[in-house]
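Here are the chains, one letter per residue:
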Amino acid sequence: MGIRELVTTARKVVVKIGSSSVTKPEGGVDDGNIERLSAALLERRAAGTSCVLVSSGAIATGIRPLGLARRPRDLATQQAAASVGQGLLIEAYTRAFGEHGVRVGQILLTSDDVIRRGHYINAERTLHRLLELGVVPIVNENDTVVTEELRFGDNDRLAALVAHLVRADLLVLLSDVDALYTAPPNRPGSRRLEEVRGEADLAEIDVGGVGKAGVGTGGMVTKIEAARIATSAGIPVVLAAASDASAALAGESVGTLFHPTGHRIAARLLWLAHASSPRGRLRLDAGAVKAVIERRLSLLPAGVVAVEGDFAAGDPVDLVDEAGRSVARGLVNYDAVELPGLLGRSTRELAAALGAAYQREVVHRDDLVVLRRR
Ligand code: GLU
């Protein structure tokens, strides 16, 4: 199948829209843009495609009703603005889709919701049920409760992870950034990339602060990162201007199309790699690095040489090599205080000395994801 066909035949699509495309420069929801976006989604839906919308704009929408002059910088005021804005935003979508007899449902996520297994299954189930019921789920980060450490901050990555979570066959990133360029578009010689086939095509790009939106948080860098996450898990990505939504969803040659580069992996691991913050670090000896990275084995106490951080069993931790580079991330099976007494000892020795419970891996291979080497 040709790459354009992947776009036109996708049965499930996640569309992400940026803050500046759903709010007006002077503040407030841009109803005209929301109607145009809804119409583009409805067109695609009428052709039998399930659509999930990831919409930013809660904070931007809340600015004016709170009488603020500009986007707040501190987390608490941002959260207050999101609390006010999210409701107004959903109201606008409810109206726009409702005029065509289509219901929308709100889903507010935090990264924790997806990394922890029980929560993850819940979020996945709700999204699927909404789609079965013919509802258009509208996802945003749960800005009002999330802490600085657990925050995505930008919805581009969130959209990539949601695309993977719902097993979408296409991710469309819409914003005021109309395509990926070889350099900032105002620079002479800069040209639009119609397609990105893989890392080699990205290597040449000079992102130089391009496309940094005024009211949202995403720029070109977060869009490339989102495209990487989705394509590495087998999902093609279209990056296009919000004003080209309809053309982008119809598979026309607008924006930039990223080819899928990899295959689906367990959703929890994708989120672990891209949406969690490590609570600590385990330094591995060379043998353990090899075992974990190349042979994909579980990490045992014998291979750990040092422990940093204050974590509890079940928390994400980074596994670092002798040079201090993070090479993998996993959910640890021990509390930080327990580990130092176990290091360098074989599981058999530990079981004999401390009991069978100490035979368990430090990080099980199923809870471990290799990070891209930086
Ligand atoms: N979640 C934030 C909001 O709705 C936006 C994050 C972003 O700009 O991508 O305001």
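Computed from a prediction, not measured in an experiment: that's the story for all the values here. Each chain carries its own residue numbering, running from 1 in the direction its sequence is written. For this predicted model, a pLDDT threshold of at least 70 governs which residues receive local features, and a threshold of 80 or more governs which side-chain atom pairs are given and counted, while totals over whole chains, interfaces and linings are taken from all residues. In computing side-chain values, all of the structure's heavy atoms are included and hydrogens and water are not.

*Asks:* Teacher, can you tell me more about the environment of Glu35 here?
*Replies:* A run of H or I in DSSP becomes a helix once it reaches four residues, and a run of E becomes a strand once it reaches two; helices and strands are each numbered from the N terminus. When you line up the elements, Glu35 lands in helix H3 (residues 31-46). Note: C-alpha distance between Glu35 and Phe97 (62 residues apart in sequence) is 7.9 Å.

*Asks:* What exactly am I supposed to notice about helix H10 (residues 220-232) here?
*Replies:* Each helix should span, by expectation, one fewer than its residue count multiplied by 1.5 Å. The end-to-end C-alpha distance of H10 is 18 Å, a good match for the 18 Å that 13 residues give at a rise of 1.5 Å each. Burial classification: accessible surface area is computed with a 1.4 Å probe over protein chains only, and a residue below 20% of its type maximum counts as buried, one above 50% as exposed, and the rest as partly exposed. Along H10, ten of the 13 residues are buried, which leaves the element largely enclosed by surrounding structure. Those residues of H10 lying buried are Met220, Thr222, Lys223, Ile224, Glu225, Ala226, Ala227, Ile229, Ala230 and Thr231. Looking one or two residues beyond H10, the residue adopting positive phi is Gly234, at roughly 95°.

*Asks:* How do you make sense of the sheet that holds strand S11 (residues 280-284) when you look at a structure like this?
*Replies:* Adjacent strands of a sheet pair through backbone hydrogen bonds, lying either parallel or antiparallel. Any two strands with at least two DSSP bridges between them are considered paired. Spatial ordering of the open sheet is given by S12-S11-S13-S14-S15, a layout of five strands whose pairing is mixed. Edge strands, defined here as strands with exactly one partner in the open sheet, are strand S12 (304-309) and strand S15 (363-370). On average, adjacent strands in this sheet sit at an angle of 30° to one another, irrespective of strand direction. As paired elements, S11 and strand S13 (residues 316-320) share three bridges and run parallel to each other. Fitted lines through C-alpha atoms serve as axes, helices being fitted only where they are in contact, and the angles separating the N-to-C directions of these axes extend from 0 to 180 degrees.

*Asks:* Any chance you could explain the pattern of salt bridges here in plain terms?
*Replies:* Note on pairing: side chains with opposite charge can pair once their charged atoms come close. By convention in these notes, a salt bridge is any Lys or Arg side-chain nitrogen within 4 Å of a carboxyl oxygen on Asp or Glu. Per the stated rule, a full pass over the model turns up 16 salt bridges. Residue Lys223 is joined to Asp156 by a salt bridge in which the shortest nitrogen-to-oxygen separation is 3.3 Å. Placement of the pair is Lys223 in helix H10 and Asp156 in helix H8 (residues 155-165), with a sequence separation of 67 residues. As far as burial versus exposure is concerned, Lys223 and Asp156 are alike and both buried. Each of Lys16, Asp156 and Lys223 takes part in one network of salt bridges that share partners.

*Asks:* Can you help me understand the site of the ligand in this one?
*Replies:* For this description, a residue counts as near a given molecule or strand if any of its non-hydrogen atoms is within 4 Å of it. Close to the ligand lie twelve residues, the nearest being Ala58, Ile59, Asn140, Asp143 and Asn155. Out of a free accessible area of 300 Å², the ligand has 98% covered by protein chains. Here the nonpolar group is Ala, Val, Leu, Ile, Met, Phe, Trp, Tyr, Cys and Pro; Asp, Glu, Lys and Arg are the charged ones; every other residue, Gly included, is treated as polar. Among the residues making up the shell around the ligand, the classes are represented as two nonpolar, eight polar and two charged. In short, Shrake-Rupley with a 1.4 Å probe defines the accessible areas, and a residue's cover is counted only from the protein chains shown.

*Asks:* I would appreciate a short explanation of the sheet that holds strand S9 (residues 237-241) in the present structure.
*Replies:* Reading across the sheet, the eight strands line up as S3-S4-S2-S1-S5-S9-S10-S8 and stay open at both edges, with mixed pairing between neighbours. Two strands lie at the open edges of the sheet, namely strand S3 (104-109) and strand S8 (195-196), each paired on one side alone.

*Asks:* What exactly am I supposed to notice about H3 here?
*Replies:* Each full turn of the α-helix corresponds to 3.6 residues, which orients residues three or four apart in the same direction. Along its 16 residues, H3 runs 22 Å from first to last C-alpha, staying within 8% of the 22 Å computed at 1.5 Å per residue. What H3 keeps buried is the set Ile34, Leu37, Ser38, Ala40, Leu41, Leu42 and Arg44. Immediately downstream of H3, the backbone of Gly48 shows phi near 100°, a positive value.

*Asks:* Before we go on, may I ask you to explain the nonpolar core in this structure?
*Replies:* Where a protein is soluble and globular, its nonpolar side chains tend to be buried together. Buried Ala, Val, Leu, Ile, Met, Phe, Trp, Tyr and Cys residues that are joined via side-chain atoms within 4.5 Å together make up what is termed a nonpolar core. Membership of the largest hydrophobic core comes to 46 residues, with the highest contact counts inside it found for Val14, Val139, Val162, Leu171, Leu180 and Trp271. Secondary-structure elements contributing two or more residues to this core are strand S2 (50-55), S3, helix H7 (117-132), H8, strand S5 (170-175), H10, S9 and helix H12 (267-275). No other element matches H8, which puts seven residues into this core. In what follows, a contact means two residues having at least one pair of non-hydrogen atoms within 4.5 Å. Here Val14 is in contact with Val52, Val54, Ala159, Val162, Ala163, Val166, Ala168, Leu170, Leu171 and Val172, once residues within four sequence places are set aside. By size, the runner-up hydrophobic cluster in this structure holds 36 residues, among which are Ile34, Cys51, Val102 and Leu170.

*Asks:* Looking at this structure, how should I read a nonpolar patch on the surface?
*Replies:* Nonpolar side chains (Val, Leu, Ile, Met, Phe, Trp, Tyr) are joined into patches within 5 Å and like charges within 9 Å, using only residues with over 30% relative accessible area and no salt bridge. Together, Leu66, Val84 and Leu88 line one region of the surface with nonpolar side chains, adding up to about 190 Å² of accessible area. With respect to the helices, strands and loops of the structure, Leu66 is situated in the loop between helix H4 (58-63) and helix H5 (75-98).

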